[in-house]
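# Geometric and topological summary
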Amino acid sequence: MITPRQIRAARALLGWTQETLADTALVALTALKRLESDRLDVRDTTRDAVRKTLEENGVIFLSSARGLGVMLVDQQGEAPAMQQETPKPPRQKHG
């Protein structure tokens, strides 16, 4: 099961507000706020809709013996744009 902390982290990776996630997942904003605040009175359907929406947008939920996390992967196999490194001037020898 995903945690409220993972949901908040996933939303941050996507740059989404709570309103954006609620609208995209087709859940009530109040339900999402309850889910992110770790209240137990959230329906499984709400939790599942939020998880599915985040996963459909490139989020992978991680769980290991060392802890929990999230990862954002590129969509449709597109490689992320590589930043061009500014060439450094050649070093001059001293001496």
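Higher on the page you've got the structure.
Along each chain, residues carry numbers from 1 onward, in the same order as the chain's sequence is written. Since the coordinates come from a predicted model, pLDDT governs what is reported: local features require at least 70, and pairs of side-chain atoms require 80 or more to be given and counted, while whole-chain, interface and lining totals use all residues. Hydrogens are left out, water is left out, and the side-chain values use all remaining heavy atoms of the structure.

### Looking at a nonpolar patch on the surface
The condition that has to hold: Patches here: salt-bridge-free residues with over 30% relative accessible area, like charges joined within 9 Å, nonpolar side chains (Val, Leu, Ile, Met, Phe, Trp, Tyr) joined within 5 Å. Every accessible area reported is derived by Shrake-Rupley at a probe size of 1.4 Å, with residue values counting cover from the shown protein chains alone. Salt bridges are defined as contacts in which a side-chain nitrogen from Lys or Arg sits within 4 Å of a carboxyl oxygen from Asp or Glu. Only DSSP runs of H or I covering at least 4 residues are called helices, and only runs of E covering at least 2 are called strands; the numbering of each starts at the N terminus. Partly exposed residues are those whose accessible area sits between 20% and 50% of the maximum for their type, while under 20% is buried and over 50% is exposed, using a 1.4 Å probe and protein chains only.
Among the surface-exposed residues, Ile 60, Leu 62 and Met 71 lie close enough to one another that they form a single nonpolar patch of about 220 Å² accessible area. Along the polypeptide, Leu 62 turns up in strand S1 (residues 59-64). Note on Leu 62: relative accessible area 37%, which makes it partly exposed.

### A few points about the pairing of strand S2 (residues 67-72)
To keep things clear, this is the line we draw: Strand pairing is assigned whenever DSSP identifies at least 2 bridges connecting the two strands.
Across six bridges, S1 lies against S2 in antiparallel orientation. Residue pairing in the sheet places Val 59 in a bridge with Leu 72 of S2.

### Details of the environment of Glu 19
Considering the arrangement of structural elements, one finds Glu 19 in helix H2 (residues 18-25). We classify Glu 19 as partly exposed; its relative accessible area is 41%. Through-space distance from the C-alpha of Glu 19 to that of Leu 29 is 6.3 Å; in sequence the pair is 10 residues apart.

### Points about the pattern of salt bridges
With the rule as written, the count across this model stands at three salt bridges. Of the charged contacts in the structure, one is a salt bridge between Glu 55 and Arg 51, with a shortest N-O distance of 2.8 Å. One end of the pair, Glu 55, and the other, Arg 51, are both in helix H4 (residues 44-56), four residues apart, so they sit about a helical turn from each other. Glu 55 sits in the partly exposed class, given a relative accessible area of 36%. Here Arg 51 falls in the partly exposed class, since its relative accessible area comes to 30%.

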